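If you want the building blocks of each chain, they are given just below.
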Amino acid sequence: MAESKTIGVVGSGQMGSGIAQLAAVHGFDVWLLDTDPSALSRARKSITNNINRLISKGQLSQAGGHDALGRLNYTTDLEELHMADVVIEAIVESEDVKKKLFLALDKIVKSSAILASNTSSISITRLASTTSRPGQVIGMHFMNPPPIMKLVEIVRGAGTSDETFYATKSLAERLGKTVICSQDFSGFIVNRILMPMINEAFHTLYTGVATKEDIDTGMKLGTNHPMGPLELADFIGLDVCLSIMKVLHAGLGDSKYAPCPLLVQYVDAGRLGRKCGIGVYDYGRASAQVIPSSRL
């Protein structure tokens with residue numbers, strides 16, 4: 001399989017725009033797609049600001065930043081991804097929605113292209129089953145935020161070929177990442193361990209063992225975590241945490257993975273974390289709005 005030169009990224013949220021920025025800075029031609037033009041506009045502004053910030057800090061040359069911005073293309077048309085060597089999906093964490101996208105991409109992209117998912121918990125094997133190329137479907141789970149976090153978790157589906165695996169591993173390393181490899185089990189490695197810890201922090205708060213501040217301080221100072229579990233949940237998004245816990249609970253069939261009622265209640269109330277200004281903590285943003293659960 002030839003080295004990838006053009007990368008398509010589907011989804012222009014925090015993860016998708018971060019992956020697109022990372023790839024452009026590392027010399028790839030990038031097509032960032034979102035069906036929502038306003039989301040795409042926000043992503044363009046965010047990426048431009050981030051690259052300019054890297055330049056101002058001396059972490060990227062003026063010429064390098066200019067070149068990176070020139071390699072970024074923005075589109076709302078899926079057909080524009082037809083020549084991509086790799087397409088990385090970074091949309092909502094819903095198996096049904098992802099399957100529809102993979103089905104559509106399979107008909108559009110060239111036969112040699114790899115279809116990768118940034119899913120943090122959903123079965124790669126099931127996503128691959130919607131395509132005619134299960135050997136070329138793989139999980140490529142970036143950590144948030146992608147330009148900063150050094151890890152990429154690669155997940156092999158039941159049919160993922162060795163060629164696809166090694167090509168994807170090489171791509172992640174070309175992006176400056178350290179790679180870990182997981183088999184296709186619910187939650188993979190990182191979230192299989194992380195999300196139950198976050199869920200337990202919610203239980204600790206829910207049952208009145210301690211305040212949110214003491215829970216987070218205890219984990220930061222007691223276990224040397226840079227961020228407490230409740231603060232981290234707000235950063236990730238409580239809706240995302242809940243979605244992953246549901247996948248773990250359904251996939252592993254153990255009651256210990258059942259989402260904490262308090263986590264469910266916060267999501268039902270639209271308290272999704274930093275992205276809307278309120279979650280476990282209130283971030284006091286003047287523009288903060290509670291997001292109704294029907295919009296998740």
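Residues numbered from 1 in each chain as written. Predicted model: local features only at pLDDT ≥ 70, side-chain atom pairs only at ≥ 80, totals over all residues. Heavy atoms only, no water.

Basically, it comes down to this: UniProt positions are given in the numbering used here, feature names are shortened, and annotations may be inferred rather than shown by experiment.
The name recorded for the chain in an unreviewed UniProt entry is 3-hydroxybutyryl-CoA dehydrogenase, from Jatropha curcas. Taken directly from UniProt, the Pathway (unreviewed entry) text for the chain runs: "Lipid metabolism; fatty acid beta-oxidation."

Some points on the pairing of strand 4 (residues 86-89)
The following threshold applies: For the exposure calls, accessible area comes from a 1.4 Å probe over protein chains only, and a residue counts as buried if that area is under 20% of its type's maximum, exposed if over 50%, partly exposed in between. We count a stretch as a helix when DSSP gives it H or I for four or more residues in a row; a strand needs E for two or more, and each element gets its number in order from the N terminus. Following DSSP output, two strands are said to pair if at least two bridges run between them. Crossovers are described as right-handed under a simple rule: with the strands pointing away from the observer, the path leading from the first strand over the helix to the second runs clockwise.
Burial along strand 4 is two-sided: the face carrying Val86 and Ile88 and the face carrying Val87 and Glu89 are both buried. Where strand 1 (residues 6-10) lies against strand 4, 4 bridges are found, and the strand directions are parallel. Looking at strand 4, one finds that Val9 is bridged to Ile88. Sheet topology places strand 4 next to strand 5 (residues 114-117); 4 bridges connect them, and they run parallel. Paired with Val86 across the bridge in strand 5 is Ile114. A crossover links strand 4 with its parallel partner strand 5, the connecting element being helix 4 (residues 95-108), and its sense is right-handed.

Topic: the packing of aromatic side chains
Cut-off, in case you're wondering: Centre distance within 6.5 Å is the pairing criterion for rings of Phe, Tyr and Trp, where only the six-membered ring of Trp is used; planes under 30 degrees apart are then read as stacked, over 60 as edge-to-face, and the remainder as tilted.
Scanning all chains against the criterion turns up 2 aromatic pairs. Judged by centre distance (5.0 Å) and plane angle (70°), the ring pair of Phe165 and Tyr166 falls under edge-to-face. The buried category is assigned to Phe165, whose relative accessible area is 8%. Taking 6.3 Å as the distance between ring centres and 85° as the angle between the ring planes, the aromatic pair formed by Phe202 and Tyr266 counts as edge-to-face. Taken together, the residues Phe202 in helix 7 (residues 190-206) and Tyr266 in helix 11 (residues 261-268) connect sequence positions 64 residues apart. On the basis of relative accessible area, Phe202 is assigned to the buried category, the value being 0%. Residue classification places Tyr266 among the buried positions, given a relative accessible area of 15%.

So, helix 10 (residues 238-252)
Applied cut-off: To estimate the expected span of a helix, count its residues, drop one, and scale the result by 1.5 Å. Here, two residues are considered to be in contact whenever any of their heavy atoms come within 4.5 Å of each other.
For helix 10, which comprises 15 residues, the first-to-last C-alpha distance of 21 Å matches the rise-based estimate of 21 Å (1.5 Å per residue) to within 8%. Among all positions of helix 10, only Leu238, Asp239, Cys241, Leu242, Ser243, Ile244, Met245, Val247 and Leu248 are buried. Turning to helix 10, the residues buried within the fold contact helix 7, helix 9 (229-236) and helix 11.

Focus on the domain arrangement of the chain
Put simply, the test is: Boundaries of every domain are those given by an automatic assignment or by a domain database. Two parts placed together each lose some accessible area under a 1.4 Å probe, and the buried area is that loss summed for both. A pair is scored as a salt bridge if a Lys or Arg side-chain nitrogen falls within 4 Å of a carboxyl oxygen belonging to Asp or Glu. Asp, Glu, Lys and Arg are counted as charged, while Ala, Val, Leu, Ile, Met, Phe, Trp, Tyr, Cys and Pro are counted as nonpolar; the rest, among them Gly, fall into the polar class.
Domain annotation for the chain reports domain 1 (6-183) and domain 2 (190-276). A straight line from the C-alpha centre of domain 1 to that of domain 2 covers 26 Å. The interface of domain 1 with domain 2 comprises 12 residues on the first partner and 6 residues on the second. Across the domain 1 to domain 2 interface the summed buried area is about 680 Å²; carbon plus sulfur atoms make up 58%. Here domain 1 and domain 2 share 0 salt bridges between them. A per-class count over the side of domain 1 that touches domain 2 returns 5 nonpolar, 5 polar and 2 charged.

Concerning the packing of helix 7 against helix 9
We apply this condition: In this description, a line fitted to the C-alpha atoms serves as the axis of each element, helices being fitted only across the stretch in contact, and the angle between N-to-C directions of two axes falls anywhere from 0 to 180 degrees. Each crossing gets its hand from how the near helix is turned against the far one by less than a right angle, where anticlockwise is left-handed and clockwise is right-handed.
Two elements in contact, helix 7 and helix 9, have axes separated by 9 Å at closest approach and are oriented at 115°. The two elements helix 7 and helix 9 meet at a crossing, and its hand is left-handed. Contacts between helix 7 and helix 9 involve Leu194, Met195, Met197, Ile198, Ala201, Phe202 and Leu205 on the former and, on the latter, Pro229, Leu230, Leu232, Ala233 and Ile236. When grouped by side-chain class, the residues that make up the contact of helix 7 with helix 9 number 12 nonpolar, no polar and no charged.

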